[in-house]
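# Structural description and commentary
So the chains spell out like this:
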2 protein chains.
Amino acid sequence: MSEYRAPLDEMNFVVDRLHDLTSLSVDINNEDASAELLGAVLSEADKLANQVWSPLNVPGDQQGVRLEDDGVKAADGFAEAYRAYAEGGWGSLYFDPNYGGQGLPFSFAMPVAEMAQASNMSLGLCSMLTAGAIEAIHAHGSDELKDVYLEKMISGEWTGTMNLTEPQAGTDLALLKSSATPNGDHFLIKGQKIFITRGDHDMTDNIVHLVLARLPDAPVGVKGISLFLVPKYLVNADGSLGERNDAYAINVEHKLGIHASPTCVMSYGDNGGAIGYLVGKPHQGLMAMFTMMNNERLVVGLQGVGLADRAYQHALEYARERVQSKAPGQPDSGAIIHHPDIRRMLMSMRSLTEAGRAICYLTAKQIDLSHNADDAEVRAQAQRRVNLLTPIAKGWPTEVAQEVTSHGVQIHGGMGFIEETGAAQFYRDARILPIYEGTTGIQALDLVGRKMLVDGGAAVADLIAEMQADVATYAGDLTAGQANNMREAIAALELSVEQLLSGAADDVMLAGSISFDMLMLAGYVCGGWQMMRANALVEGHENITFAINKKATAAYYLDHVLPRAFGHLRSIQAGSASVMAIPADCL
Amino acid sequence: MSEYRAPLDEMNFVVDRLHDLTSLSVDINNEDASAELLGAVLSEADKLANQVWSPLNVPGDQQGVRLEDDGVKAADGFAEAYRAYAEGGWGSLYFDPNYGGQGLPFSFAMPVAEMAQASNMSLGLCSMLTAGAIEAIHAHGSDELKDVYLEKMISGEWTGTMNLTEPQAGTDLALLKSSATPNGDHFLIKGQKIFITRGDHDMTDNIVHLVLARLPDAPVGVKGISLFLVPKYLVNADGSLGERNDAYAINVEHKLGIHASPTCVMSYGDNGGAIGYLVGKPHQGLMAMFTMMNNERLVVGLQGVGLADRAYQHALEYARERVQSKAPGQPDSGAIIHHPDIRRMLMSMRSLTEAGRAICYLTAKQIDLSHNADDAEVRAQAQRRVNLLTPIAKGWPTEVAQEVTSHGVQIHGGMGFIEETGAAQFYRDARILPIYEGTTGIQALDLVGRKMLVDGGAAVADLIAEMQADVATYAGDLTAGQANNMREAIAALELSVEQLLSGAADDVMLAGSISFDMLMLAGYVCGGWQMMRANALVEGHENITFAINKKATAAYYLDHVLPRAFGHLRSIQAGSASVMAIPADCL
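To start, this report covers the structure provided alongside it. (Residues numbered from 1 in each chain as written. Chains lettered and ligands numbered in written order. Predicted model: local features only at pLDDT ≥ 70, side-chain atom pairs only at ≥ 80, totals over all residues.)

## With respect to the overall build of chain A
Across its full length, chain A holds 18 helices and 14 strands. Computed over its C-alpha atoms, the radius of gyration of chain A comes to 24 Å, within 12% of the 25 Å expected for a compact globule of 587 residues. Overall, chain A is about 75 × 60 × 55 Å in size when its C-alpha atoms are taken along their principal axes. Residues counted as buried form 63% of the 587 residues belonging to chain A. (Helix = DSSP H or I, 4+ residues; strand = E, 2+ residues; numbered from the N terminus. Rg over C-alpha atoms; globule rule 2.2 N^0.38 Å. Buried ≥ 20, exposed ≤ 12 C-beta atoms within 10 Å, placed from the backbone.)

Here's what the structure looks like:
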């Protein structure tokens, strides 16, 4: 099995040309944000992904992790691979230079994050959660906390975790019970948390847990949740590590996939209470945690893109090598890549991956603008776009990754079902993506509720207007059928938003009944929009094969993938009636 | 975790009313084929599935199988469970009474087979392959072979296997190399076979392998393949077991799913040659094996239905119990079943399962007619329908089972990714279904090639005409939107057949490029057709809740599932151009 290679031309093209890096660098006033530097960064990151992270992916899946008396043990080689990542500065690209970060745009970190996730998702998860924890501490922590923790986390010497879920409180954090009791300059945290990714490991000297818990005077519900920083080892005044904190992994789950990523049951305070420090204001922990989650939702979407790309590379290699049956127009039995149905699957994988990448990177660019644009109105407009795109960028590529990794299995035929082939691992690993960091159902409710109903459809109307303007600009490069699909698909999104806005007040079941279809419709349309733009903007690319392939992939998407939007529209138009027709007790 | 219960009202309804058991019993002149007997049979079979087979499903997955020095060992309890099945006569329902069979219609065996697959697919596979082997020997074997082997196989005392695949010859059996050398009254078989389900086990005294191999004078290609019966133990003249034959499992695969079903690498003739007996005529083995495969393709479709139903039951139970978040219109946090998006997934699972069941059982009814109708024209017409429906009944429910079992995982949220929950097993087990017994790609090529292009679309035109006539009869019971969806979906199938027939000659890539979309389109339309019929024919059913639910499920399918047909049509209309645009070397 060959190792992962990053699609460097594609990644550079999407950041630089499709999403216009030149204008971004002007808008955010960051001269470092050049195509040259981007190219250099990505080329170096590819080496790490290819040579260090990717070769550990299969062994990590086979070996898994284990909980021993003194904690969780990573799979062989993982500690060294994570250290190579940290020492290369790959975890610090977009962070604050005041704490050792490199101050590059988030847009630069996206392709690097994609490489991390594609080459070894179990390791990539550690980078992702650490980055999210850094963001939350940076945005909400006191200067003292920042001074103690940020530099070590940004350097990769310490990792971070996110502790939300309890057995009774998953999607519904209002049911959360963990407690925090004031105790001098800190708090004593008690409670059990589940599904804690890398809640313990032996890859770094310390782990910084961000933990949601309730203060003694907390109001009920989500407005009574506070955020605490709970280090595995306490940190002395001189920065050296002190005593072991009362925070332990007491179990690791046996999961369908990501076997090399320990998913821990964490117990806080079994021996009196884990020492924790408040991050942000009392009772406003959920908002602070959402700083972390919004970043992570986008990176989970990117995990879908990364796994999809790797599954594509893996299936492509098999399709080139496996000889079986004579294809149409071929003289003899040949490689299965010559069969149209294999080609259909490869093109589906490829086009869905490229569409997902364009959406995720676009969201990252808008995040850069929302944080760093000089112009306040540009920042505000970008923030609205980020808010709208985030559930789409999390939900759609992760759903699509199920299909793409399944095609990867299917192209291998019977061998795809045999674990040693490797195709099944991508399929198993991908299955967590539409679940964690908010299920697809939660993303879909976020999209139709907070991102559409709350503003009366203003943000999505802006997006639709921009897509329509782009159709006017770029549709001339398409076939009539493709242009027609694109126009109709945008109109389908518009129609379904109208239906949502006009119907939701009278039918409380409407939004939830159509939310999944609306998320998928929005994803397909946004993907089509970006593929249409890419088809035009790749014109004149110096790599002619890349340009030809990009155009052909866009054509495939617009011909064969985008039409799924019409099925979603028709389903949306049927509303909630038959969704809710059978009473819950009679199902 | 509760055990599987067969949906008895639904199964009886589909066989008896939806597919009109009364007319079948007249047409095939079988007075035993009554609704009363059907009900009694299914009710008893449910007990075995619920009490004996289902409880072993999870332990079997966890324990798996192992190859020891003296052969493959089944998981604990599997031998006893298989014996209970055999002793209950469940393996003999539709077979020839001359060899101990019960002579019931195949239509009776279908729901029983579904229960077997749903309760324990790893065991169900053994029943399925044994039944296929019985059919092939019954149809093509000499009287002597039939006398020696059939009774023991029909009684369940011996099991059967199917040996086609070799490492270089999977889909493309022309590449097959195993050899058969004449040696007195038998042949000596040599060669290696892979992916042999239950190629060895210790559940029964003997195993009857059907093996494809080449005679010394065989023409090249598929026209030089012969079929041989190779018993694990030779059978003495008095019917007792003799020497161990030279046929051994030399490896069992480590697979994504069906862990309790040994998938063996079989080696024939390592010690001089395995004794085998010719089944049917020399060089016509593939045709004889297709007797076995056509039955098995339908039963694989049924495995999709069975797994889907079980995943639905399992997810429904969780959705009722798991309390999380306040649903619209509810005063407080409650069970997640009250959330519309959970309901959407449950209704998708339910409606896809029911549609798939109706298609599979319809195919079984046509098989009964094709074999046993008194009228030769009825037999011929039924055979044409069986030929057309088989790739749809295999391909569509198995693709759909991926979605349904994935919904089952998703409804469990984070718990769905944890193996102990059980949802992941259905998802893993289901992944083999679109692969074995001919991949979906092969089913799709069979559909557009042998079943549409060869007869100039005659058989599918007959089917479309029948569906249109049924719309005229039954659409009055639907909403305008549902009736419109149904009419448009049938028209979409008609349009795509026209495109195939008119375009395939000039574009050799067309059929393969659109074949998957055509298979899925045909599946959705056939499913809609049957759900529309069910909506009308359930009227007056004595179980009022069943009738109300059936109507609501049909409504959901016609509102929310059937519209996917329109996306497939649009993709078909785009033809092969962008599927094949990137040359194989440039991908």
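Let's pick the thread back up.
## Here we look at the interface of chain B and chain A
Counting residues at the interface gives 76 residues for chain B and 76 residues for chain A. Secondary structure elements with two or more residues in the side of chain B that touches chain A: β13 (323-326), α10 (340-372), α11 (376-411), α13 (440-453), α15 (480-503), α16 (510-537), α17 (544-561) and α18 (564-573) of chain B. In terms of residues, the side of chain B that touches chain A owes the most to one element, α17 of chain B, which gives seven residues. Class assignment for the residues of the side of chain B that touches chain A results in 34 nonpolar, 30 polar and 12 charged. (Contact = placed C-beta atoms within 7 Å. Nonpolar A, V, L, I, M, F, W, Y, C, P; charged D, E, K, R; others polar.)

## Remarks on the relation of the copies chain B and chain A
Under the fitted operation, chain B is carried onto chain A by 0.0 Å of movement along the axis and a turn of 180°, and the coordinates agree to an RMSD of 0.0 Å. Here the symmetry operator amounts to a two-fold rotation axis. Minimal C-alpha distance to the rotation axis in chain B is attained by G567 of chain B, lying at 2.9 Å. Both copies share a contact surface, since 100% of the interface residues of chain B are interface residues in chain A too. (Least-squares fit on C-alpha atoms with pLDDT ≥ 70 in both.)

## Quick notes on the packing of helix α10 (residues 340-372) of chain A against helix α17 (residues 544-561) of chain A
All names here are of chain A. Here α10 crosses α17 at 100°, and the two axes come no closer than 9 Å. Between α10 and α17, the interaxial angle falls into the category roughly perpendicular. For the pair formed by α10 and α17, the contact residues are M347, S348, R350, S351, L352, E354 and A355 on the first element and T553, Y556, Y557 and V561 on the second. Class assignment of the residues belonging to the contact of α10 with α17 gives a composition of six nonpolar, three polar and two charged. (Axes fitted to C-alpha atoms, helices over the stretch in contact; angles between N-to-C directions. Parallel < 35°, antiparallel > 145°, perpendicular 65-115°, else oblique.)

## Details of the environment of D202 of chain B
Residue and element names in this part refer to chain B. With respect to the helices and strands, the residue D202 is situated in the loop between β5 (186-197) and β6 (206-213). Each C-alpha atom, one on D202 and one on A393, is 32 Å from the other, the two residues being 191 residues apart in sequence. Setting aside residues up to four positions removed in sequence, D202 forms contacts with G71, V72, K73, A74 and A79.

## Brief notes about the pairing of β6 of chain B
Residue and element names in this part refer to chain B. Of all eight residues in β6, seven are buried; the element is thus mostly enclosed. Bridge analysis of β6 against strand β7 (residues 226-231) gives six bridges, and the strand direction is antiparallel. Of the residues in β7, the one forming a bridge with V211 is F228. (Pairing = 2+ DSSP bridges.)

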